[in-house]
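Remarks on the overall topology
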Amino acid sequence: MNATLSPQNILIIGATSGIAEAVARRYASIGANLFLVARNSKKLAIISSDLIARGATNVQLFVLNAHEYDLLPQMVEQAWAAFGIINVALIAYGTLPDQTRAETDLDYAITEFRTNAESVIACLTILANRFETQGYGVISVIGSVASDRGRGSNYVYGSAKSAIESFTSGLRSRLYKKGVHVLLIKPGFVATAMTANLNLPEKLTASPESVAINIQNAISHRKNVVYTPSFWAFIMLIIKLIPNIIFKRLSL
Amino acid sequence: MVELLSWGRYPRQPQHPHAVFWADEISHVLGKIVETNKTSLIYGMGRSYGDSCLAVSNQVVTTQGMDRILAADWETGVIFAQAGLSFAELIQITLPRGWFLPVTPGTKYVSLGGAVANDVHGKNHHVMGTFGRHILRLFLYRSDEGIVECSRHIRSDLFVATIGGLGLSGVIVAVEFQLRPIETSRINQTSIRFGGLTEFFQLTASHDHTHEYTVAWIDCLATGQNAGRGHYIMGNHAKADIAHTHTQLTLAPHKRMKIPFDPPFSLINTLSLRAFNTLYYHKQQQKQISRCVSYDPFFYPLDSLKHWNRIYGHAGFQQYQCVIPQRDGQTAIADIMQEIAKSGSGSFLAVLKQCGDIISPGLLSFPMHGVSLALDFPQHDQKNTQLFNRLDRLVHEVGGRLYPAKDAHMSAEHFQQAYPQWQQIEAMRDPRLFSKFWQRVTQ
Ligand SMILES: Cc1cc2nc3c(=O)[nH]c(=O)nc-3n(C[C@H](O)[C@H](O)[C@H](O)COP(=O)(O)OP(=O)(O)OC[C@H]3O[C@@H](n4cnc5c(N)ncnc54)[C@H](O)[C@@H]3O)c2cc1C
């Protein structure tokens, strides 16, 4: 990639997530400026030193919990104040709810849904307006292949990601006219801290590094939606084509 | 779910991984394993051949997610990083800035923690000693003390028990060490064909002091007149050249071929071995060839073939690496080679290396002033046991020793005599960490 053409100022919300960290490293290695947002200040500081060593020019940190919506405008203001412009924003946080618990514990289910859907929508709303004023840039969000069809085993997570999918689809149309691009990233299984305790099928599980390469490419090519690794587009197509009469009987 | 083996895939005792990504998770993850399984072990990248990276409980803590650089000073070349960081990644970051690893083993797919725990050595042992010599400080998690800093001056007891300590003194969380400066990413290499061991010892005597990296490959199946023939390879980091300033510190391209699955049988047998070794020996027509090569093929020729350990099939293989004290080097190596040639077994690569007299701070460090020999043997239970017994006796008689990182067979008796400080390690061992190797050689 040509360093002079590539985005230089990157804002990452949820910067301590495995995928975000891998993406940040790729941008760091081409000398980017990074504005990192996450709730854990100690982890942020360590990630910052790592990115500096890997070549980042400037790393700024902002501590924020996903539910602190009133801090969002301040966060956005600081990011723009730090670097003048932001070329790329990436929203990368999320949790993986325990579906069984969510079926009986309503508070838990609602909190998980809010973290994965509502708070992301809040972030997108604030970012969208700032990017609109700027008149260019890419807003990217990590969704999931789980949004393609609600499955019995994780529909709380899946429906939250579906909300994001619809939201970004609309936002994309709105911002396109203003020169701002919206990218939805749909990873399959990725070996990160979030999935460390799951029994993931080895052959279908990607490394955060390979997912980060896909994301960086999708950003530079202004893709609308990207499945990563790409074979998930095919897997999900098949899953979407299964008729409901059969689908509801499957334990997927 | 992935089950992990050691590099030699023998003994075949799959390990169940529990990943940690941050230092403050170690206590929790280790605690959970220990609750039901009593003990655990840290697994870096599994590049140890035998059972030293296998937990008695088969439940290991994996550290590859702890791969961050905590601080780097590009003026002084001091780098401080989490223990899961691989040498491959380190090179990607340090080389373009003019720094290289002070010591590197023959693969870059090792973790920093694993390199410390085995106190790895490289082709420059005669001038740089082991990796442990370049460590400034360590952060270690112990289940009884939490995270402890140690160095030559602070908690030096823990420091020397951790370097080469086989992952038993605690969990290495982060390591600070000194890099070595380089002007270019290339190596000026000279390869000299030699006809026998005597010639090898003459070559090391006359070239080791002017070359940072030296190693020899020998045809271990050659007998009679040809016994001990091979290639002696020496190299130095190339100096900067004013004409090519922009290409001087370039990373090697990322190209790897892959052995995608276990072949149904071992691809290594006496016939293919003999053909390979003869071919390799004669490949070089001239007696001496000098070339300027990239650091990657020079240090890591095997890394270009991902999972090459699979060519031995399901049964796996064992490496036999010993070091013989200087005084008896030549005769003992000749005897060992003769035994191996007689057995008709042996490896693609028999590697001979003159080790220097620089002493490591580590209590269980493997290298000693003398000659080290390393070979791979496809796993055949009876054949290997018989041959290894004979070789062990030869090594033992002259006061040599075997490398725990490569071992899956040595007896408790031989280990305890060769590493008299083992009891100190046992006394300092974190009771939650216990490897199959340690169980075998101490109980
Ligand atoms: C092709 C090849 C060539 C090699 N060449 C050489 C060579 O030239 N010289 C040489 O010295 N070695 C060599 N080796 C061996 C290799 O360098 C060592 O086995 C190295 O220690 C492997 O590192 P690892 O990260 O894979 O560790 P593992 O094999 O996973 O573990 C090794 C030991 O380190 C411990 N450990 C790992 N991480 C930690 C941690 N964070 N805290 C505490 N303990 C930990 C483990 O418990 C275990 O005891 C070679 C290996 C291969 C496969």
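Nothing here was measured: the structure is a model prediction, and the numbers come from that model.

On a plain count of helices and strands, chain B comes out with 13 helices and 20 strands. Across its three principal axes, chain B shows a C-alpha extent of roughly 60 × 60 × 45 Å. Relative to its full complement of 443 residues, chain B shows a buried share of 60%. Residue pairs at least 24 apart in sequence account for 76% of intrachain contacts in chain B once pairs closer than 6 positions are excluded.

Looking now at the domain arrangement of chain B. All names here are of chain B. For chain B, the assigned domains read domain 1 (69-182) and domain 2 (186-409). For domain 1 and domain 2, the distance between their C-alpha centres works out to 24 Å. Listed by partner, the interface residues are 37 residues for domain 1 and 36 residues for domain 2. The interface formed by domain 1 and domain 2 contains three salt bridges. Connecting domain 1 to domain 2 are 19 residue pairs in polar contact (both at pLDDT 80 or more). Elements with a contribution of two residues or more to the side of domain 1 that touches domain 2: α2 (87-94), α4 (125-128) and α5 (156-162). Looking at the side of domain 1 that touches domain 2, the element that brings in the most residues is α4, giving four residues. Broken down by class, the residue content of the side of domain 1 that touches domain 2 amounts to 15 nonpolar, 15 polar and seven charged.

Residues and elements named next belong to chain A. It is the contact of helix α5 (residues 106-134) with helix α6 (residues 155-176), at a shortest axis distance of 9 Å, that shows an interaxial angle of 10°. Classed by the angle they form, the pair α5 and α6 counts as roughly parallel. The handedness of the crossing between α5 and α6 is right-handed. Where α5 approaches α6, its residues Ala109, Phe113, Asn116, Ala117, Val120, Ile121, Leu124, Thr125, Ala128, Asn129 and Glu132 are matched on the opposing element by Val156, Tyr157, Ser159, Ala160, Ala163, Ile164, Phe167, Thr168, Leu171, Arg174 and Leu175. Looking at the contact of α5 with α6 residue by residue, the classes come out as 15 nonpolar, five polar and two charged.

Often the size quoted for an interface is simply the accessible area lost on bringing the parts together. Counting residues at the interface gives 17 residues for chain B, matched by 17 residues for chain A. Taken together, the two surfaces of chain B and chain A that pack against each other cover about 1,400 Å², and 54% of this comes from carbon and sulfur. Our enumeration of links across chain B and chain A arrives at three salt bridges. Summed over the shared surface of chain B and chain A, the number is eight residue pairs in polar contact (both at pLDDT 80 or more). Elements supplying a minimum of two residues to the side of chain B that touches chain A: β4 (69-73) and α2 of chain B.

All names here are of chain A. Here the structure, examined in full by the defined rule, presents 30 salt bridges over all chains. The residue Glu132 makes a salt bridge to Arg174 at a minimum N-O spacing of 3.0 Å. On the criterion of sequence distance, the pair formed by Glu132 in helix α5 and Arg174 in helix α6 is long-range, its members being 42 residues apart. Here Glu132 falls in the partly exposed class, since its relative accessible area comes to 23%. For Arg174, a relative accessible area of 35% corresponds to the partly exposed category.

Averaged over every residue, the pLDDT of chain B is 93; the share at 70 or more is 98%. Our summary of model confidence lists the complex with pTM equal to 0.95 and ipTM equal to 0.93.

All names here are of chain B. Taken together, 33 residues lie near the ligand, and Ile42, Arg47, Ser48, Ser111 and Tyr403 sit nearest. Here an oxygen atom of the ligand sits 2.7 Å away from a polar atom, N or O, in the main chain of Arg47. Between Asn118 and the ligand, the recorded distance is 2.8 Å, taken from a side-chain N or O atom to an oxygen atom. Relative to its unbound accessible surface of 960 Å², the ligand loses 96% to contact with the protein.

Turning our eyes to something else, we now look at helix α1 (residues 26-37) of chain B. Residue and element names in this part refer to chain B. Between the first and last C-alpha of α1 there are 16 Å, a value that for twelve residues agrees with the 16 Å anticipated at 1.5 Å per step. The complete set of buried residues in α1 reads Ile26, Val29, Leu30, Gly31, Ile33 and Val34. As for α1, its buried residues are in contact with β1 (16-19), β3 (59-62), β7 (135-142) and β9 (171-178). Just downstream of α1, Lys38 is the residue with a positive phi angle, here 70°.

Along a regular strand, successive side chains alternate from one face of the sheet to the other. All names here are of chain B. Counted residue by residue, strand β12 (residues 213-218) has six buried out of six residues, so it is predominantly covered. The alternating pattern of β12 places Tyr213, Val215 and Trp217 and Thr214, Ala216 and Ile218 on opposite faces, both of which are buried. Sheet topology note: the β12/strand β13 (residues 230-237) ladder contains six bridges and is antiparallel. In the sheet register, Trp217 faces β13, and the bridge partner there is His231.

Here the focus is the packing of aromatic side chains. Applying the stated criterion to the full structure yields 27 aromatic pairs over all chains. Look at B:Tyr213 and B:Phe298: their rings are 5.9 Å apart centre to centre, the planes differ by 70°, and that puts the pair in the edge-to-face class. On the criterion of sequence distance, the pair formed by B:Tyr213 in strand β12 and B:Phe298 in helix α8 (residues 295-299) is long-range, its members being 85 residues apart. Residues B:Tyr312 and B:Phe317 carry aromatic rings whose centres are separated by 4.2 Å and whose planes lie at 20° to one another, so their mutual orientation is stacked. The same class applies to B:Tyr312 as to B:Phe317, namely buried. Taking the ring centre of A:Phe247 as reference, the NZ or CZ of A:Arg149 above it sits at 3.7 Å.

As a further point, take the pairing of strand β17 (residues 317-325) of chain B. Residue and element names in this part refer to chain B. Of all nine residues in β17, nine are buried; the element is thus mostly enclosed. Sheet analysis places β17 next to strand β19 (residues 370-378), joined by nine bridges and oriented antiparallel. The partner of Tyr320 across the bridge, within β19, is Leu375. As defined by bridge partners, β17 adjoins strand β20 (residues 401-402) across two bridges and the pair is classed as antiparallel. The partner of Cys322 across the bridge, within β20, is Leu402.

About the criteria used
Residues numbered from 1 in each chain as written. Chains lettered and ligands numbered in written order. Predicted model: local features only at pLDDT ≥ 70, side-chain atom pairs only at ≥ 80, totals over all residues. Heavy atoms only, no water. Helix = DSSP H or I, 4+ residues; strand = E, 2+ residues; numbered from the N terminus. Buried < 20%, exposed > 50% of the residue type's maximum accessible area, 1.4 Å probe, protein only. Contact = heavy atoms within 4.5 Å. Domains from an automatic or database assignment. Salt bridge = Lys/Arg side-chain N within 4 Å of Asp/Glu carboxyl O. Polar contact = N/O pair within 3.5 Å; in protein donor to acceptor, adjacent residues only side chain to side chain. Nonpolar A, V, L, I, M, F, W, Y, C, P; charged D, E, K, R; others polar. Axes fitted to C-alpha atoms, helices over the stretch in contact; angles between N-to-C directions. Parallel < 35°, antiparallel > 145°, perpendicular 65-115°, else oblique. Left-handed = near helix turned anticlockwise from the far one by under 90°. Buried area = accessible area lost by both parts, 1.4 Å probe. pLDDT = per-residue confidence, 0-100. Near = heavy atom within 4 Å. Areas by Shrake-Rupley, 256 points an atom, 1.4 Å probe, with all protein chains shown as cover. Expected span 1.5 Å × (residues − 1). Pairing = 2+ DSSP bridges. Phe/Tyr/Trp six-rings, centres within 6.5 Å; stacked < 30°, edge-to-face > 60°. Lys NZ or Arg CZ within 6 Å of the ring centre and 35° of its normal.

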